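A structural walkthrough
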Amino acid sequence: MSNPYEGAKLHDCRDAFTSVLEALGSDNTDIVAVCNDSVGSSKLAGFRDKFPERLINVGIAEQNMVGVGAGLANGGKIPFVCAASPFLTGRALEQIKADVAYSEANVKLVGISSGMAYGELGPTHHSIEDFAWIRALPNVPVIAPADRVETAAVIKWAAAYRGGCFLRLSRVGVPDVLPEDHVFELGKANYLREGGDLTIIANGVLTHRSMIAADLLGASGIDARVLNMASVRPIDEAAVVRAANETGAILTCEEHTTFGGLGSAVAEVVVDQAPVPMTRLGVPGIFAHTASANDLLNDFGMSPAAIADSAQALLERKG
Amino acid sequence: MTPEDLSRLANKIRRRDLQAVFEAGAGHIGGEMSVIDILTALYFRIMNVEPANPAAPHRDRLVLSKGHTALALYIVLSEKGFIPAEEISTFLQHKSRLNGHPNRVKVPGVETNTGPLGHGLPIGVGMAKAAKLNGENWRTFVITGDGEMQEGSNWEAIMAAAQFNLDNLTLIIDHNRLQQGARLAETNNLAPLAPKLEAFGWAVEEIDGHDMDEICSALSPGTITAGKPKCIVAHTNKGQGISFMSDNVAWHHKVPNEEQYKQAMAELEGALE
Ligand SMILES: Cc1ncc(C[n+]2csc(CCOP(=O)(O)OP(=O)(O)O)c2C)c(N)n1
Ligand SMILES: [Mg+2]
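Since this is a predicted model, take the numbers as computed values, not measurements.

Points about the coordination of the magnesium ion (ligand 2)
Summarising the metal site, the magnesium ion (ligand 2) is bound by the protein donors B:D146 (OD), B:N176 (OD1) and B:L178 (O), whose distances to it range over 2.1 to 2.2 Å. All donors of the magnesium ion (ligand 2) come from a single chain, and their spacing in sequence reads D-x29-N-x1-L.

Quick look at the structure:
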């Protein structure tokens, strides 16, 4: 039994985000950052120091922030609108719907410290509804990178993509999961581990936990496939259907409520195209108790060992 | 309680807050130090509340809209008898009911769950309106941060309160001139606040938010203007009482190290002599 990430360095993906943003900002003067008194928490100090006039801090005013982003896009700029994910998505949801999605504005919405990264600060600061909220809107791809490498790749992709998108980043340290030369493709899952007994589909901070769980399962003779599904919308339907047909059972893991997130998106494809037994791990539709970010994932049954246990239980339903 | 007694109590609350932030390794110490004098005056001189009956229908209401300073509220509530004093040591611990933002479902004495800025004042308008509809004379107090006043929702509520003639509503703005990452003046400067509130039809009083006499007098019912909501612009210092934190933007949510903790505690203790 081995943990593939034993001793691996853990990275705060915000660093990958800002270093790529600063590099892109030097090449393309249309790139601007918009924030809500969040220069520190969005790690924008470097961008501000390099391009002071291109850092637009509107103060603590998220609705204004997203509207300003849409206006900047209209004027030819490429705004990266950065804020703690709960306030970006919750507070400014109608601006995201009308000003970005419906108006097809080229606004990059960057949800920082998403999921339960704010741990003990509690449910007001958790962003475990954002997949569901934004996934319900047309025209805004929803993407949750798993590590430093994928975060950098996603930011490069977003700058080049013509259109709005929602990038869901964390601040919780994660090991590298994807290869250094990884290129992000919208709507494409990454096959991190081949296996035929069942498939685990995860994204964000759950991807590496799922890989450890797959190793634990391997030690008990169970071959789990692991798909990294950063793109929640559009979702890789072909990969989901293949997983259903080839492995016969699907377990999803996400740092999100089980109402409307990645598990739901996968289930929609499964019910329509290839019904097989599924288990959806996530926050079970409640407001979390007080705990650190990692403890909350463990408490909600998403430690690697608990993910492996859920996989075993799912296999019994496979028939 | 006399203003002197209130100041001594506020000092005790500051020391407990400092200790809890140090032990928990988190908290929003700057904004806690700036709001503690106001909270102490409200709970120990002004507000009519019953710790044994936290939902008493005619109680006065307080909404701490700057919910990130929950720890200060928890300590005031424990001093008042709403929750056990020993419970403060569980702040942010696994499964404690004292998380980083106040929760009315778990903590007696908390009226509404805050944390996202710009929510408290609209709720306060609703509370004050309910008292008017009921023909009752309990009062509603809302405390906001000054950076928080950048949220548009506050200004919608400010208009509504004036339109509804809510003279039973008092907004206290903790005007410490600093927000999370910078001074308001460098971000989105709302100063001077008083003329803006006056232009929206409010009665406004400016005070030194660390002077107990001024706080108590501004909060007393005798200073209410009939038919107008009242705003107290409380000029405060973020990190008040601790020299190296005071008016220093670095201390929004920084945690003191051992040496800083000792110095801060010594300064607060020294202020008692
Ligand atoms: C809607 C929303 N946006 C952003 C934040 C993050 N945040 C927490 S405290 C804070 C600064 C608050 O400044 P101020 O209101 O002046 O409070 P104080 O100085 O009293 O701490 C910010 C931006 C939040 N809690 N809610
Ligand atoms: Mg302030």
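Let's talk about the packing of aromatic side chains
Taken as a whole and judged by the stated rule, the model has seven aromatic pairs over all chains. Judged by centre distance (4.9 Å) and plane angle (65°), the rings of A:F47 and A:F51 are edge-to-face. Taking the relative accessible area as the measure of exposure, A:F47 reaches 0% and is therefore buried. Residue classification places A:F51 among the buried positions, given a relative accessible area of 9%. Judged by centre distance (4.1 Å) and plane angle (5°), the rings of B:F22 and B:Y261 are stacked. On the criterion of sequence distance, the pair formed by B:F22 in helix 1 (residues 3-24) and B:Y261 in helix 9 (residues 258-270) is long-range, its members being 239 residues apart. Residue classification places B:F22 among the partly exposed positions, given a relative accessible area of 24%. In this structure an aromatic cluster arises from ring pairing among A:W157, A:Y161 and A:F184.

Description of the UniProt feature "domain: Transketolase-like pyrimidine-binding" (unreviewed entry) in chain A
Under the UniProt annotation, the feature "domain: Transketolase-like pyrimidine-binding" (unreviewed entry) is placed at residues 11-176 of chain A. For residues 11-176 of chain A, the helix share is 42%, the strand share is 16%, and the end-to-end C-alpha distance is 8 Å.

Describing the domain arrangement of chain A
All names here are of chain A. Here chain A is described as being made up of domain 1 (13-168) and domain 2 (190-318). Distance between the C-alpha centres of domain 1 and domain 2: 26 Å. Across the boundary between the two partners, domain 1 contributes 26 residues, which contact 32 residues of domain 2. The interface formed by domain 1 and domain 2 includes one salt bridge. Close ionic contact of E268 with R135 constitutes a salt bridge, the shortest N to O distance being 2.9 Å. Along the contact surface separating domain 1 from domain 2 lie 17 residue pairs in polar contact (both at pLDDT 80 or more). When contributions to the side of domain 1 that touches domain 2 are tallied by element, the ones reaching two or more residues are helix 6 (130-135) and strand 5 (142-143). Class assignment for the residues of the side of domain 1 that touches domain 2 results in 15 nonpolar, five polar and six charged.

Focus on unusual backbone geometry
Outside of glycine, negative phi angles account for most residues, and trans bonds account for most peptide bonds. The omega torsion of the bond from A:R233 to A:P234 falls at -5°, within 30 degrees of zero and hence cis. If you trace the backbone, A:P234 turns up in the loop between strand 10 (231-233) and helix 9 (237-247). With an omega dihedral of -5°, the bond running from B:A191 to B:P192 counts as a cis peptide bond. Within the chain, A:E104 stands out as a residue other than glycine whose phi angle is a positive 50°. Residue A:E104 is classed as exposed on the basis of its relative accessible area of 61%. Phi at B:D247 is positive, roughly 60°, even though this residue is not glycine.

Observations concerning the interface of chain B and chain A
Often the size quoted for an interface is simply the accessible area lost on bringing the parts together. Between chain B and chain A, the contact holds 28 residues from the first and 23 residues from the second. Applying the counting criterion to the chain B and chain A interface returns one salt bridge. Ionic pairing is found between B:E151 and A:R91, a salt bridge with its closest N-O pair at 3.3 Å. At the boundary of chain B and chain A, one finds 16 residue pairs in polar contact (both at pLDDT 80 or more). Residue composition of the side of chain B that touches chain A, grouped by class: five nonpolar, 19 polar and four charged.

Some words on a negative patch on the surface
Residues and elements named next belong to chain B. Together, E4, D5, D208, D213 and E214 make up a negatively charged patch on the protein surface. Among the elements of the structure, helix 1 and helix 8 (212-219) are those that each provide at least two residues to the negative patch. Position of D213 among the secondary structure elements: in helix 8. Taking the relative accessible area as the measure of exposure, D213 reaches 48% and is therefore partly exposed.

What to know about the pattern of salt bridges
Applying the stated rule across the entire model yields 25 salt bridges over all chains. The salt bridge involving A:R148 is made with A:D176; its shortest N-O contact spans 2.7 Å. Residue A:R148 is located in helix 7 (residues 148-160), and its partner A:D176 is located in the loop between strand 6 (165-168) and strand 7 (190-193); the two are separated by 28 residues in the primary sequence. Overall, the relative accessible area of 23% leaves A:R148 in the partly exposed class. Note on A:D176: relative accessible area 27%, which makes it partly exposed. Between B:E79 and B:K12 there is a salt bridge, and its shortest N-O distance comes to 3.1 Å.

Quick notes on the sheet that holds strand 4 (residues 108-112) of chain A
Residue and element names in this part refer to chain A. One open sheet holds the seven strands; their spatial order is 2-1-3-4-6-5-10, and the pairing between them is mixed. Each edge of the open sheet is held by one strand with a lone partner, namely strand 2 (55-57) and strand 10. Contacts from helix 7 reach strand 1 (31-35), strand 3 (78-84), strand 4, strand 5 and strand 6, with the element oriented near 165° to strand 6.

Overview of the packing of helix 4 (residues 120-134) of chain B against helix 5 (residues 152-163) of chain B
When two helices pack together, their arrangement is given by the angle between the helix axes and by the axis-to-axis distance. Residues and elements named next belong to chain B. For the pair helix 4 and helix 5, the least separation of the axes is 8 Å and the interaxial angle reads 20°. The angle between the axes of helix 4 and helix 5 places the two elements in the roughly parallel class. The handedness of the crossing between helix 4 and helix 5 comes out as left-handed. Taken together, the residues of helix 5 that come into contact with helix 4 (itself represented by L121, P122 and V125) are S153, N154, A157, I158, A160 and A161.

Observations concerning the sheet that holds strand 12 (residues 278-283) of chain A
Residues and elements named next belong to chain A. Taken in spatial order, the five strands line up as 7-9-8-11-12 in an open sheet, and their pairing is mixed. Since the sheet does not close on itself, it has two edges, and those belong to strand 7 and strand 12, each with one partner. Across the sheet, the mean angle separating the axes of adjacent strands is 25° when strand polarity is ignored. Both strand 8 (residues 198-202) and strand 9 (residues 224-228) contribute to a ladder of five bridges, which runs parallel. Bridging across to strand 9, I200 finds its partner in V226.

Observations concerning the UniProt feature "domain: Transketolase N-terminal" (unreviewed entry) in chain B
When the UniProt feature table is mapped onto this chain numbering, "domain: Transketolase N-terminal" (unreviewed entry) sits at residues 8-253 of chain B. With 37% helix and 12% strand, residues 8-253 of chain B has its two end C-alpha atoms placed 25 Å apart.

Rules used in this analysis
Residues numbered from 1 in each chain as written. Chains lettered and ligands numbered in written order. Predicted model: local features only at pLDDT ≥ 70, side-chain atom pairs only at ≥ 80, totals over all residues. Heavy atoms only, no water. Donors = N, O, S within 2.8 Å, 3.2 Å for Na, K, Ca; no water. Phe/Tyr/Trp six-rings, centres within 6.5 Å; stacked < 30°, edge-to-face > 60°. Buried < 20%, exposed > 50% of the residue type's maximum accessible area, 1.4 Å probe, protein only. Helix = DSSP H or I, 4+ residues; strand = E, 2+ residues; numbered from the N terminus. UniProt positions renumbered as here; feature names shortened; annotations may be inferred. Domains from an automatic or database assignment. Contact = heavy atoms within 4.5 Å. Salt bridge = Lys/Arg side-chain N within 4 Å of Asp/Glu carboxyl O. Polar contact = N/O pair within 3.5 Å; in protein donor to acceptor, adjacent residues only side chain to side chain. Nonpolar A, V, L, I, M, F, W, Y, C, P; charged D, E, K, R; others polar. Patch = residues over 30% accessible without salt bridge, like charges linked within 9 Å, V, L, I, M, F, W, Y side chains within 5 Å. Areas by Shrake-Rupley, 256 points an atom, 1.4 Å probe, with all protein chains shown as cover. Lys, Arg positive; Asp, Glu negative; His and termini not counted. Charge placed at Lys NZ, Arg CZ, Asp CG, Glu CD. Pairing = 2+ DSSP bridges. Axes fitted to C-alpha atoms, helices over the stretch in contact; angles between N-to-C directions. Parallel < 35°, antiparallel > 145°, perpendicular 65-115°, else oblique. Left-handed = near helix turned anticlockwise from the far one by under 90°.

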